[in-house]
Amino acid sequence: MRDLKIPGERHPEKAHRPDNAQPKKPSWIRVRAPGGEGYNATHKIMREHGLPTVCEEAGCPNVGECWTRGHATMMIMGEICTRGCTFCNVATGRPDALDAFEPGRVAHAVQKLGLKHVVITSVDRDDLEDGGAEHFAQTIRAIRHRSPESTIEILTPDFLKCAPEVLEVVVEARPDVFNHNLETVPGLYPTVRPGARYFHSLRLLQRVKELDPSMFTKSGIMVGLGEDRQGVLQAMDDMRSADIDFLTIGQYLQPSPKHHAVERFVEPDEFKSYEKAAYGKGFLMVSATPLTRSSFHAGDDFERLRVARAAKLAKV
């Protein structure tokens, strides 16, 4: 049996990579160790329903704060990804078969946690003909059935190897926010995200808007991977060309010596300058801080996103 707690078995594609030094984190990156009553209650609900979370699988630094508030980003379709991105801590390999009962378990957990806003993500499933599109749709419908007042945000794979029509299956299930992360600037894709294609990901988000102009779209990148400022600004322009509403920018943190190196720690003032530039380019919502992650404060940000759109429409 494969043991995903052993690094060599968790990331076999990285086992023979040379080690990259892990620099000491600056003061603005450090967070308190998770724990406490709220954290433990969320952990218990996730385990009772057999649900992995990207908070744990990706080693998110914000897990303590989010779980204490009863927020967790649930990861569907298993814990093993068919891709091997050099920045990512999710296990790589051949996934297990889909669990037909998972959408119901996710919906039950959302109801039990009393979530007003839920974020659902997944591993890449290149082994499936539809990339897991129908499973996403079933999960959205199950949550709607059990918790009709909850708003739903999905963070999807790119469906790169699927027919274009599979995207319609997900959009027709009517999530409130459709998120797909570009992760980095196009010049770094061969080393950071070798299994993906930058312009395919952009086109995916653009098609969501074409299929349903009322649906909020969202994407994010990491900085500190070796990009320069001009590359970040160009990525912003590309996203606005695809009519993306919400941009997130956060600091890349290296999960292990076998992962892509941290080229530098971007200072908070630089994040503020990115935020200012992004709003100037027309994004409705921007979150740009060292600890920003796609689902961090997602519920609060969604409310601000709705307010921003209403204000924009009022000016028209």
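Residues numbered from 1 in each chain as written. Predicted model: local features only at pLDDT ≥ 70, side-chain atom pairs only at ≥ 80, totals over all residues. Heavy atoms only, no water.

This part covers the sheet that holds strand β4 (residues 117-122). Taken in spatial order, the seven strands of this open sheet run β1-β4-β5-β6-β7-β8-β9, and their pairing is parallel. Looking at strand neighbours, the two that pair on one side only are β1 (74-76) and β9 (285-288), the edges of this open sheet. Strand after strand, the sheet turns through a mean of 20° between neighbouring axes, direction not considered. Relative to β4, β1 runs parallel, the two being bridged by three bridges. The residue of β4 that forms the bridge with M75 is T121. (Pairing = 2+ DSSP bridges. Helix = DSSP H or I, 4+ residues; strand = E, 2+ residues; numbered from the N terminus. Axes fitted to C-alpha atoms, helices over the stretch in contact; angles between N-to-C directions.)

Let us now look at the nonpolar core. M74, I120, F178, M236 and I249 are the most contacted members of the largest nonpolar core, which totals 72 residues. By residue number, the principal contributor to this core is helix α6 (residues 133-146), which donates six residues. Every residue in contact with M236, bar those within four places of it in the chain, is listed here: L247, I249, Y274, A277, A278, K281 and F283. Within the second largest apolar cluster, seven residues are counted, among which are F216, L284, F302 and L305. (Core = buried A, V, L, I, M, F, W, Y, C linked by side-chain atoms within 4.5 Å. Buried < 20%, exposed > 50% of the residue type's maximum accessible area, 1.4 Å probe, protein only. Contact = heavy atoms within 4.5 Å.)

Let us now look at the pattern of salt bridges. Counted according to the given criterion, the structure contains 20 salt bridges. For K14, the salt bridge is made with E13, and the minimal N-O distance between the two is 2.5 Å. Under the relative-accessibility criterion, K14 is labelled buried at 3%. Two residues, K281 and D237, come together in a salt bridge whose shortest N-O distance is 2.8 Å. Linking K281 in the loop between α11 (268-280) and β9 with D237 in helix α10 (residues 229-241), this pair joins segments that are 44 residues apart in sequence. Judged by its relative accessible area of 32%, D237 is partly exposed. (Salt bridge = Lys/Arg side-chain N within 4 Å of Asp/Glu carboxyl O.)

What follows covers the pairing of strand β7 (residues 216-223). The buried count for β7 comes to eight of eight residues, which makes it a mostly enclosed element. Alternating residues of β7 divide into F216, K218, G220 and M222 and T217, S219, I221 and V223, and every residue in both groups is buried. With three bridges connecting them, strand β6 (residues 177-179) and β7 associate as parallel partners. Paired with N179 across the two strands is K218, which belongs to β7. Where β7 and strand β8 (residues 246-251) come together, six bridges link them in parallel fashion. Each residue of the ladder has a partner; that of S219, found in β8, is L247.

Once that is clear, we can look at the packing of helix α9 (residues 198-211) against α10. Relative to each other, α9 and α10 sit at 35°, their axes nearing to 9 Å. Facing Y198, L202 and Q206 of α9, the residues of α10 in contact are A235, D238, M239 and S241. Among the residues forming the contact of α9 with α10, the class breakdown is four nonpolar, two polar and one charged. (Nonpolar A, V, L, I, M, F, W, Y, C, P; charged D, E, K, R; others polar.)

Any functional reading would require information that these geometric values do not contain.
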